[in-house]
Number of protein chains: 2
Amino acid sequence: MSAADRLNQTSEILNESFQPVENPFKVTVIGSGNWGTTISKVVAENTALRPHLFVRRVDMWVFEEMIDGQKLTEIINTKHENVKYLPGIELPDNLVANPDLVGAAKDADILVFNVPHQFLPRIVSQLQGHIKKDARAISCLKGFDVDKDGVRLLSTYVEEKLGIACGALSGANLAPEVAKENWSETTVAYKLPKDFKGQGKDVDHAVLKALFHRPYFHVNVIDDVAGVSVAGALKNVVALGCGFVEGLGWGNNASAAIQRVGLGEIIKFGQMFFPHSKVETYYQESAGVADLITTCSGGRNVRVATHMAQTGKTAEESEKELLNGQSAQGIHTCKEVHEWLASCGKTDEFPLFEAVYQIVYEGASMETLPDMIEDLEGVNIPVAKHANK
Amino acid sequence: MSAADRLNQTSEILNESFQPVENPFKVTVIGSGNWGTTISKVVAENTALRPHLFVRRVDMWVFEEMIDGQKLTEIINTKHENVKYLPGIELPDNLVANPDLVGAAKDADILVFNVPHQFLPRIVSQLQGHIKKDARAISCLKGFDVDKDGVRLLSTYVEEKLGIACGALSGANLAPEVAKENWSETTVAYKLPKDFKGQGKDVDHAVLKALFHRPYFHVNVIDDVAGVSVAGALKNVVALGCGFVEGLGWGNNASAAIQRVGLGEIIKFGQMFFPHSKVETYYQESAGVADLITTCSGGRNVRVATHMAQTGKTAEESEKELLNGQSAQGIHTCKEVHEWLASCGKTDEFPLFEAVYQIVYEGASMETLPDMIEDLEGVNIPVAKHANK
């Protein structure tokens, strides 16, 4: 998006802000982990600033747990701090922790999903029949919904299960840095649904920019939900590859090479299975190349893969030792992607994704990664028989 | 380039290798710094392996200097080590250090230029009239030749001054890692000239792959000399931006954001001033996105900019303190680029390049970098007057 386009986007919000919407939008965030709490903070800061657009109170659904004999929701609502998942960060007082999933969601005009991938089906089934029919959703989840029939976006899963339009938010956003209000960028993708009710009455790009943009969190809003989601899911597989070469001590050139090959395979995957996704999204948006770079510079997937390379331990063992019960998303995504590609006979066209799968699940040697990526099927540049070295 | 294309490229070399060229190509490398010596090592390893394609001996022109009373060329030719610029790395015995520029170049069929940008004009003028008329060249230099009439590639400069076809080699190649034979990738760009003499008689893509490809140095050969050169020059400006945010302690998200914006401006610059360059080169080739990532993860430009951010010192002072007489290329390139963009009224369209220039030369505050990049001309997302926070 050019500077002029961005200027127009912001100008639209400016103009619109002086024409309050008929009924300010109620926003609820489903999820309260590290990233969920951070996004809740962002959203609640904006709803407090813009009562002409949003209901001030933001509900954040919290899976209730006891912390030293006190309910986590009570701690959040009195101390204004998520002491378990985002300690040390002050939360806005208009952000209300709510242990009742349906209660938090039932009046929401905008639902922001931000839970671990594996919890989504249960949450969605609990919400069925209990939300506004014209609610809109944004998914901050990473991953795919894969079965034998195909690979679906998680936003599509939400749309189909709940019957509401769903976009995606993704970007170069290591949560602790966003929580500390270090400057970063993100991408929000949302396509106006067929039943769009019109400006001032429904969620559109300007409303989403007003909801998520902060001085420290620069938002670009685009249409391409598929591109944003594909990039967000597959980057974790690439990050495992970077962790392997880092663990092998191969240095920055090798890590950059893995990222280059990975970006190419992400684009190819997007074009093959989501042909309406745009190539530009992958190399121009924060959700594309920037998130890939951030994710490959650190984080769980890199750490697990580095540990595997340095100790010879399995992915499972490494996850256990390093992640304290949490998981490295790439470990699961590379399996899903492999199974899907194998089912349609396309593994050869994604040598990096396949190499990562083979290393994690089939005991392939990391040292052969360059050859697996080069994918020259055993053909080497020839050495003439009379070569004298 | 797809796996199939790469396979074809390597297969062509395979086939050709059994049909020796009429006259094996003599190769000379002009330059013997860190990167020059590393590329000389790569090239000499390949000429030794492929006598059907290349003359075994590779000359490396060395600017003669005395090291502890002994000539550097003598040390290199007896110890097979460039003790000054690439210590600790054994060089092939068919690599001959030569202090005589014209002597080293006069019989060469392939000239590989690998000297600091500022030495190029003098070297080229010394070579005029003393090289083979049908020699071919590859430039490993980074930067532009800028004057009031426009911005030219350094390969074009070589072509015009010497009257020989010149391509470019660039990639995610921190020299010490390549010298140690850690795996990396690179891009060689070369367009067959109008006077191409035919396969087996002249330099083509297969010959260049055979000359530069090593098991630890994977080469992709393409046509797009402009794309490779533009990316190689401008990455250093982006790296300064990354150094600023790193020095400010803003973390990985911010650095990734700078790289994303930088990649976009590199593409825009390429399309505007070298419209025959291909967008794909920037996001698919090692010389594009991968080199950007490597350069922004470390190296001189990042170090100088980080130092500026942490100490408040000028670029000049920081270069002096850190680089021991060497220079950070981005400091010069951002000035050249600014002057060129200013002369054609285009600075507004390259907010990151302009911001880096303003910070380095005009005392602009680094802290305002996000706003300068957002480039919204003072327009902020509005806060309604009755907002209650």
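Residues numbered from 1 in each chain as written. Chains lettered and ligands numbered in written order. Predicted model: local features only at pLDDT ≥ 70, side-chain atom pairs only at ≥ 80, totals over all residues. Heavy atoms only, no water.

- Looking at an unreviewed UniProt entry, one finds chain A named Glycerol-3-phosphate dehydrogenase [NAD(+)], with Lachancea fermentati as its source organism.
- In the Catalytic activity (unreviewed entry) part of its UniProt record, chain A is described as follows: "sn-glycerol 3-phosphate + NAD(+) = dihydroxyacetone phosphate + NADH + H(+)".
- Looking at the Sequence similarities (unreviewed entry) heading of the UniProt record, one finds this comment for chain A: "Belongs to the NAD-dependent glycerol-3-phosphate dehydrogenase family." (UniProt positions renumbered as here; feature names shortened; annotations may be inferred.)

**A closer look at the pattern of salt bridges**
Residues and elements named next belong to chain A.
Here's step 1: One pass over the full model with this rule turns up 42 salt bridges over all chains.
Here's step 2: As a salt-bridge pair, D59 and R57 come within 2.9 Å of each other at their nearest N and O atoms.
Here's step 3: Several salt bridges share partner residues, and in doing so they unite K41, E45, E181 and R214 into one network. (Salt bridge = Lys/Arg side-chain N within 4 Å of Asp/Glu carboxyl O.)

**Quick look at the environment of A:E81**
All names here are of chain A.
Here's step 1: By the secondary structure assignment, E81 is in the loop between α3 (72-79) and β5 (95-98).
Here's step 2: Judged by relative accessible area, E81 falls into the buried class, the value being 17%.
Here's step 3: Sequence separation between E81 and F25 is 56 residues, and the spatial gap between their C-alpha atoms is 25 Å.
Here's step 4: Residues in contact with E81, not counting those within four places in the same chain, are I75, I76, L86, P87, G88, I89 and L91.
Here's step 5: Within the structure, the side chain of E81 is placed 2.7 Å from the backbone nitrogen of G88, a separation counted as a polar contact. (Helix = DSSP H or I, 4+ residues; strand = E, 2+ residues; numbered from the N terminus. Buried < 20%, exposed > 50% of the residue type's maximum accessible area, 1.4 Å probe, protein only. Contact = heavy atoms within 4.5 Å. Polar contact = N/O pair within 3.5 Å; in protein donor to acceptor, adjacent residues only side chain to side chain.)

**Concerning the UniProt feature "binding site: NAD(+)" (unreviewed entry) in chain A**
Residue and element names in this part refer to chain A.
Here's step 1: The UniProt record marks G31, S32, G33, N34, W35, G36, F63, F119, A175, R300 and Q329 with the feature "binding site: NAD(+)" (unreviewed entry), using the residue numbering of this structure. Spatially, the listed residues are scattered: they cover 299 residues, and their C-alpha atoms lie as much as 22.7 Å apart.
Here's step 2: A residue is classified by how much of its surface remains accessible, and G33, at 27% relative accessible area, is partly exposed.
Here's step 3: Checked against the element boundaries, F119 lands in the loop between β6 (110-113) and α5 (120-127).

**Things to note about the domain arrangement of chain A**
Residue and element names in this part refer to chain A.
Here's step 1: In terms of domain boundaries, chain A breaks down into domain 1 (3-223) and domain 2 (227-373).
Here's step 2: Distance from the C-alpha centre of domain 1 to the C-alpha centre of domain 2: 27 Å.
Here's step 3: With 24 residues of domain 1 at the interface, the matching set in domain 2 holds 22 residues.
Here's step 4: Regarding the contact of domain 1 and domain 2, the summed buried area is about 1,900 Å², with carbon and sulfur atoms giving 67% of it.
Here's step 5: For domain 1, the biggest contributors to the area lost against domain 2 are K142, F144 and V151; these three give 28% of the whole.
Here's step 6: Connecting domain 1 to domain 2 are zero salt bridges.
Here's step 7: At the junction of domain 1 with domain 2, the criterion picks out five residue pairs in polar contact (both at pLDDT 80 or more).
Here's step 8: Elements with a contribution of two residues or more to the side of domain 1 that touches domain 2: β8 (144-147), β9 (150-153), β10 (166-170), β11 (184-189) and β12 (217-222).
Here's step 9: Of the residues belonging to the side of domain 1 that touches domain 2, the class tally is nine nonpolar, 10 polar and five charged. (Domains from an automatic or database assignment. Buried area = accessible area lost by both parts, 1.4 Å probe. Nonpolar A, V, L, I, M, F, W, Y, C, P; charged D, E, K, R; others polar.)

**Re empty space enclosed by the protein**
All names here are of chain B.
Here's step 1: This structure, assessed with the given rule, holds two cavities of 30 Å³ or more.
Here's step 2: Of the voids in this model, the largest cavity is the one considered here, and its volume is about 90 Å³.
Here's step 3: If you trace the largest cavity, you find 14 residues lining it, with S139, L141, K142, A168 and S229 closest to the centre.
Here's step 4: Only α6 (154-162), β10 (166-170) and α9 (225-247) provide two or more residues apiece to the lining of the largest cavity.
Here's step 5: Looking at side-chain class alone, the lining of the largest cavity contains six nonpolar, seven polar and one charged residues.
Here's step 6: Taken domain by domain, the lining of the largest cavity gets at least three of its residues from each of domain 1 (3-223) and domain 2 (227-373).
Here's step 7: Its boundaries defined by the atoms lining it, the second largest cavity holds a volume of some 50 Å³.
Here's step 8: Broken down by class, the residue content of the lining of the second largest cavity amounts to three nonpolar, four polar and one charged. (1 Å grid on protein atoms, 1.4 Å probe; cavity = no way out; pocket = protein on both sides within 12 Å on 5 of 7 lines; lining within 4 Å. Points joined across faces, edges and corners; volume = space filled by probe spheres on them.)

**Let's talk about the UniProt feature "domain: Glycerol-3-phosphate dehydrogenase NAD-dependent N-terminal" (unreviewed entry) in chain A**
Here's step 1: Mapped onto the present numbering, the UniProt feature "domain: Glycerol-3-phosphate dehydrogenase NAD-dependent N-terminal" (unreviewed entry) falls on residues 26-191 of chain A.
Here's step 2: The span residues 26-191 of chain A carries 31% helix and 29% strand; its end-to-end C-alpha distance comes to 20 Å.

**Notes on the packing of aromatic side chains**
All names here are of chain B.
Here's step 1: In the structure shown here, the tally under the stated rule is 21 aromatic pairs over all chains.
Here's step 2: Ring centres of F269 and F350 lie 5.9 Å apart, and the angle between their planes is 70°; on these two criteria the pair is classed as edge-to-face. Taken together, the residues span a long stretch of sequence, with F269 in helix α10 (residues 251-273) and F350 in the loop between α15 (329-343) and α16 (351-361) at a distance of 81 residues.
Here's step 3: F350 gets classed as buried once you look at its relative accessible area, which sits at 0%.
Here's step 4: Seen in terms of ring centroids, F273 and W340 are 5.5 Å apart; in terms of plane orientation they differ by 65°. Their pairing is edge-to-face. Pair noted here: F273 is in helix α10 and W340 is in helix α15, with a separation of 67 residues, a long-range link. Here F273 matches W340 in class, with each residue buried. (Phe/Tyr/Trp six-rings, centres within 6.5 Å; stacked < 30°, edge-to-face > 60°.)

**Thoughts on the side chain of A:E265**
Here's step 1: Here A:E265 shows up in helix α10 (residues 251-273).
Here's step 2: Excluding residues within four positions of it along the chain, A:E265 makes contact with A:F350, A:P351, A:L352 and A:F353.

**Observations concerning the sheet that holds strand β6 (residues 110-113) of chain B**
Within a sheet, each strand pairs with its neighbour through backbone hydrogen bonds, oriented either parallel or antiparallel.
All names here are of chain B.
Here's step 1: Pairing is mixed across the open sheet formed by eight strands, whose spatial order is β5-β2-β1-β6-β7-β10-β11-β12. Here the strands that pair on one side only, and so sit at the sheet edges, are β5 (95-98) and β12 (217-222). Each adjacent strand pair in this sheet contributes to an overall mean axis angle of 20°, direction not counted.
Here's step 2: Relative to strand β11 (residues 184-189), β10 is paired through three bridges, and the arrangement is antiparallel. Paired with A168 across the two strands is A189, which belongs to β11.
Here's step 3: Relative to the sheet, helix α8 (residues 205-212) contacts β1 (25-30), β2 (54-61), β6, β7 (136-139), β10, β11 and β12, its axis offset from that of β12 by approximately 165°. (Pairing = 2+ DSSP bridges. Axes fitted to C-alpha atoms, helices over the stretch in contact; angles between N-to-C directions.)

**Examining the pairing of strand β1 (residues 25-30) of chain A**
All names here are of chain A.
Here's step 1: For β1, the buried fraction is high: six of the six residues fall into the buried class.
Here's step 2: Of the two faces of β1, both are covered, the one formed by F25, V27 and V29 as well as the one formed by K26, T28 and I30.
Here's step 3: The pairing of β1 with strand β2 (residues 54-61) spans five bridges and is classified as parallel. Along β2, the bridge assignment pairs V27 with V58.
Here's step 4: Two strands pair when backbone bridges link them, and β1 and β6 are joined in this way by four bridges, in the parallel orientation. If you follow T28 over to β6, its bridge partner there is L111.

**Quick word on α10(B)**
Here's step 1: For α10(B), spanning 23 residues, the distance from its first C-alpha to its last is 33 Å, which sits close to the expected 33 Å at 1.5 Å a residue.
Here's step 2: Extensive coverage of α10(B) is indicated by the burial of 17 of its 23 residues. (Expected span 1.5 Å × (residues − 1).)

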